Amino acid sequence: MTQMLFTLAEHYNYVITIFLMMAGLYIVIARGNLVKKLVGLSIFQTSVYLLYIEPGKILGGTAPIIDPAFTVYSNPLPHVLILTAIVVGVATLALGLALAVRINESYGTIEEDELLEVDRET
Amino acid sequence: MTAVWPHLPALQVVIPLIGALVAGLLRRGGVAFVLATAVSWTMPLIAGALLWQVLQTGPISYHLGGWQPPWGIEYRIDVLNGFVLVLVSVIGAVIMPYARLSLAFEIDERNQAWTYCMYLLCLTGLLGITVTGDAFNAFVFLEISSLSTYVLIALGRDRRALLSAFQYLIMGTIGATFYVIGIGLLYLVTGTLNMADLAGRLGPAWPEHSRAIVAGATFIVVGLGLKLALFPLHFWLPGAYAYAPSWVTAFLSATATKVAIYLLVRFLFSIFGVAFDTSGLPIAAMILGLSVAAMVIASFIAVFETDLKRMLAYSSVAQIGYITLGIGLANEAGLTGGLVHVVNHALLKATLFLAAGAFFYRAHTVQLQDLSGIGRRMPLTAAAFTIAGFGLVGTPGTVGFISKWYLVIGALDHSWWFVVVFIVVSSVIALVYVGRVLEIVWLRAPSSQCAEAGDPPASMLLPILALAAATIYFGLETEWTARVVETATDMLLGRLR
Amino acid sequence: MTSLIAPESLIGIAILAPFAGALLIPAFRRHPNLREAVTLASAVVLCLSVAALLPGVLAGARPDLQVLDVVPGLSLAFKVEPLGMLFALVAASLWVVNSLYSIGYMRTNSEPRQTGFYVCFAVALGSTIGLAFARNLFTLFLFYEALTIATYPLVTHKLDHQAVRAGRLYLLLLLGSSLLLFLPAIVVTWMLAGTLDFTPGGILGGKADAPLLTLLLALYIFGVGKAAVMPMHFWLPAAMVAPTPVSALLHAVAVVKAGVFTILKVVMLIFGIETLSLAGQSLWLTVIAGTTIIVASVIALAQDNLKRRLAYSTISQLSYVVLGAAILTPISLVGAALHIAAHAVGKITLFFAAGSIHTAAHLTQVSQLDGLGRRMPWTMGAFAIGALAMIGVPPTAGFLGKWFIMTAAVQTSNWLAVAVICTSTILTAGYFLPIVYRAFFRAPPSAHDARHVVGEAPWPIVLALTVTAAATLLLFIWPEIPFRLATSMIGS
């Protein structure tokens, strides 16, 4: 039991990552407001960024600039990948918000239950 | 020509991308249409050339930017994705003429150029997923195609298109993010993102990191399952297909889910299957169970739909179940059946959705009770719909039969009688919903909305008829479909042995 | 002529002629006489090409036409063997007669949408010939399904509520049974035998044990819904809502015979009678066939609607062919094949007569037929001949098939079959002879006299039914061709 707690404490970064992942997913599912869903989605995506970047830091590694004095470097590739993923996330968020605005214009609300009500009536 | 030839894999993606950028700058829908048509008609030529090359000399490996894999991004084309490339590009080319009038009817004048811009982006994304040999690169293209798809769907007339697009956005992004998590876990274990390299490195890494690899595999399968509308992750599909513009639906139903299926097959067979023994994992059983559920349940729901496009959407979910059934069977005949259904279903559904779009164009409705008797007024369109409908059922002489033949043999090779029962039962359910539509379309008096309908103009009618003819042609002459797929299957399964 | 055109080409011509007709007919939709001429021309071309193939087949030739390979193991190919020749001859010759009848019937009754009617009819006949000449189960299955789809618009022709419902049952039952049972049977056959070609002696010898053979045979018997083996028979009475030319040619000849023809071919050339009798399949099949024969006859007794009574009679008579197959001896198979031809001409006569009664006297119920023989002597005379053929009495063709099946049953001590044949003969007499009696020996109800136009139906109708009635008699007097075909079928 204590062994497990120690391991968890050692890997606190992964604990946070997973917490964010689950929190984000929960918000997407549990919240009816469209903007809040997007918030949850963003949190979920952010946790994935952390998932990639954290292992990039090699223990005992320095910045990834080649120098004769150092032998162990941190991995720069995850950062590159995450830059791409961040851009994708931003685009998704922007698109989602644009859709939310249009839905609001069309329906007059962005609450999921009210939207379903309106659709059921028509 | 000789300068261009080696760079065809890159051009396959770059040309539509640049086309999209130019289309985004255009104001007039007509000019954008010409541009989109030009690009769409170039794509099959490139894809055909690539497939031909692969069939002659073996897989093509193209190093983007000249950097060596696995550090650089590699575009790798073998029989499997060459075949999918040809499928996506040919479908895009054939249905392009249809877009002119259909989009003009269903979308505002101001948005038409944007629509073609989004379409070209979507095409870029789909072709990119297919052609790339790098897992993360696949994610990028996956999101490119998905984001543009969300926009295309949202352009539909009905305001429910907005809701459907939003729901698809949420679910699709979760799916893509799961895929990225899976890739991340595999990257942590192996240090590479190149697909071929992953296959090589996962094997040695398996004994020590099996848990991480299984977790990664699970995330990837679920993520792609969301994208390909595997039951029960299909909830975005009916709304998205029903309310999007007709041409968009036809294009998506024939291509978007198929490319996601391709990616799943690539991971399951060329990466995981090669690296370690997947029989210990319940992947096949899970996919089989879900496929059977899709085939039966989705077909059953389709029977009760009153909206023609929603009915066809649920039919798509069921037909995707057939494809994943083939994947789950994972033997020679089964996998061939599943993969050949990729192309067969693309032809069938494109015909059906284009015909539905033509009905909408003339009669301004897709509600079944308002479409009664439209067969009398639009005989050619309805005839194409009938032919494709019987293709869904699996009548011999149509493409649907070819897929079912292979799938049934694949199931019997495992001695799984119950799977055969499910295949034929779902075919009978398909007969019910197809028969219902045929009865309404042909055997009833024309409703008031159909009174002035007539067959659509040639630019819309010709693609419909061409695709319907293709569903019969490739049901009898399977040289280019089943034989090519058999080569792909041999390659995919051969590596396992 | 046979030396001028190669037999392979004749096969092609025979199959393509009806489809070519189907394509041409819409072009003449505004000119009814030309349109009908196209139908008749296709029918004549078909008849001639089939007849041209006959001498070769009788001499022992088996013309072969390979069209294309669909997937490895499935090919579209044709081969003319005696049973297929017999079926094609029956269908082709009766199409000519039926076309004449159709013209008279459809015009007199002012039926709508006649162009579509003739197109579907041509497609249906083309599919029938394709089925008759099929070399393997895949080709047969393809044309079998095409036949169902082509006849669906004919069944629903009237477009009223009843016709649409009947069409629904028709399509669901026939396509459903073929999807659920027939198709798996074909796949299993392919997996066991590695081929689907019809081969003398069968392809399943030694490939499966008795339980599997029973299952497979059952899948075929019930999967081939067109053979109307109970409980797959419900579509037949429902299909009687179609116009009588449809009922006459399709549901007395083409469609139903396609069903029992398929069963005969499967029993002889896929399983092989040796394999089946060694595996003891005769008994249960006899029971199934016998049940259908008796039950259908009993139901026929209770039907007042003439066409429905004829429909149940068809169901019963079809299972005679299955019974002949069930007895599993060469003689019984000869009887089964002969019965295909005999029942075809007899039943089509009866349906022609029923349609004639409907057209001229506007009567549909048996109870209304009193005294009709006086006013419509040709029609009721033909009916009487057809009825005798069903009962199986000389001098009609129906006697031949029954005689052989009965002989085979006695020879193999299959007393169950003997009992079934005797009982059903009595029952058949029970539901046909009263009609003949009423028509000729009872006075017509006086109220009717004033209301209905008395006299025969128009001449095309009367001509058609006279021809088929004559054929029924002729086949008894001169059964040479069907007989030679049937015997070479078991010999080859």
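Residues numbered from 1 in each chain as written. Chains lettered and ligands numbered in written order. Predicted model: local features only at pLDDT ≥ 70, side-chain atom pairs only at ≥ 80, totals over all residues. Heavy atoms only, no water.

A. Quick peek at the overall build of chain A. Check the secondary structure of chain A and you find five helices and zero strands. Listing every helix and strand of chain A by position from the N terminus yields α-α-α-α-α. The C-alpha atoms of chain A give 20 Å as radius of gyration, which overshoots the globular expectation for 122 residues (14 Å, by more than 25%). Going through the 122 residues of chain A one by one, you find that 31% of them count as buried. Look at the contacts in chain A between residues 6 or more apart in sequence, and 48% of them connect residues 24 or more apart. Summed over all atoms, the accessible surface of chain A reaches about 7,500 Å², with 70% contributed by carbon and sulfur. Side-chain charges of chain A comprise 6 positive and 11 negative groups, with the mean position of each set lying 1 Å from the other. (Helix = DSSP H or I, 4+ residues; strand = E, 2+ residues; numbered from the N terminus. Rg over C-alpha atoms; globule rule 2.2 N^0.38 Å. Buried < 20%, exposed > 50% of the residue type's maximum accessible area, 1.4 Å probe, protein only. Contact = heavy atoms within 4.5 Å. Areas by Shrake-Rupley, 256 points an atom, 1.4 Å probe, with all protein chains shown as cover. Lys, Arg positive; Asp, Glu negative; His and termini not counted. Charge placed at Lys NZ, Arg CZ, Asp CG, Glu CD.)

B. Molecular detail of a nonpolar patch on the surface. Residue and element names in this part refer to chain A. Together, Met1, Met4, Leu5, Leu8 and Val15 give the surface a local cluster of nonpolar side chains, amounting to about 510 Å² of exposed area. Broken down by element, the residue count for the nonpolar patch peaks at three residues, all from helix 1 (residues 2-10). When you line up the elements, Val15 lands in helix 2 (residues 12-30). (Patch = residues over 30% accessible without salt bridge, like charges linked within 9 Å, V, L, I, M, F, W, Y side chains within 5 Å. Salt bridge = Lys/Arg side-chain N within 4 Å of Asp/Glu carboxyl O.)

C. Region of the structure containing the environment of Pro97(B). Residues and elements named next belong to chain B. Locating Pro97 in the fold gives a position in helix 3 (residues 79-106). Residues Pro97 and Ala36 lie 61 residues apart in sequence; the distance between their C-alpha atoms is 9.9 Å. Apart from the residues within four sequence positions on either side, Pro97 is in contact with Phe33, Trp41, Ser459 and Pro463.

D. Quick look at unusual backbone geometry. A cis amide bond links Phe231(B) with the next residue in sequence, Pro232(B), at an omega value of 0°. Here Pro232(B) shows up in the loop between helix 7 (195-227) and helix 8 (236-243). In this structure, Pro395(C) follows Pro394(C) across a cis peptide bond, with omega equal to 5°. Residue position: Pro395(C) is located in the loop between helix 15 (377-391) and helix 16 (398-411). At Ser110(C), a residue that is not glycine, the phi angle is positive and equals roughly 50°. As for its position among the elements, Ser110(C) is in the loop between helix 3 (82-108) and helix 4 (114-132). Unusually for a residue other than glycine, Leu159(C) sits at a positive phi of about 60°. For Leu159(C), the location among the structural elements is in the loop between helix 5 (137-155) and helix 6 (161-193).

E. Fine view of the interface of chain B and chain A. Tallying the contact residues gives 27 residues for chain B and 33 residues for chain A. Across the chain B to chain A interface the summed buried area is about 2,800 Å²; carbon plus sulfur atoms make up 83%. A per-residue breakdown of the area chain B buries against chain A is headed by Arg159(B), Leu162(B) and Phe166(B), which together make up 24% of the total. Across the contact surface, chain B and chain A share zero salt bridges. Of all the secondary-structure elements, those providing two or more residues to the side of chain B that touches chain A are helix 5 (135-154) and helix 6 (160-190) of chain B. Considering each element in turn, the side of chain B that touches chain A owes the most residues, 17 residues, to helix 6 of chain B. (Buried area = accessible area lost by both parts, 1.4 Å probe.)

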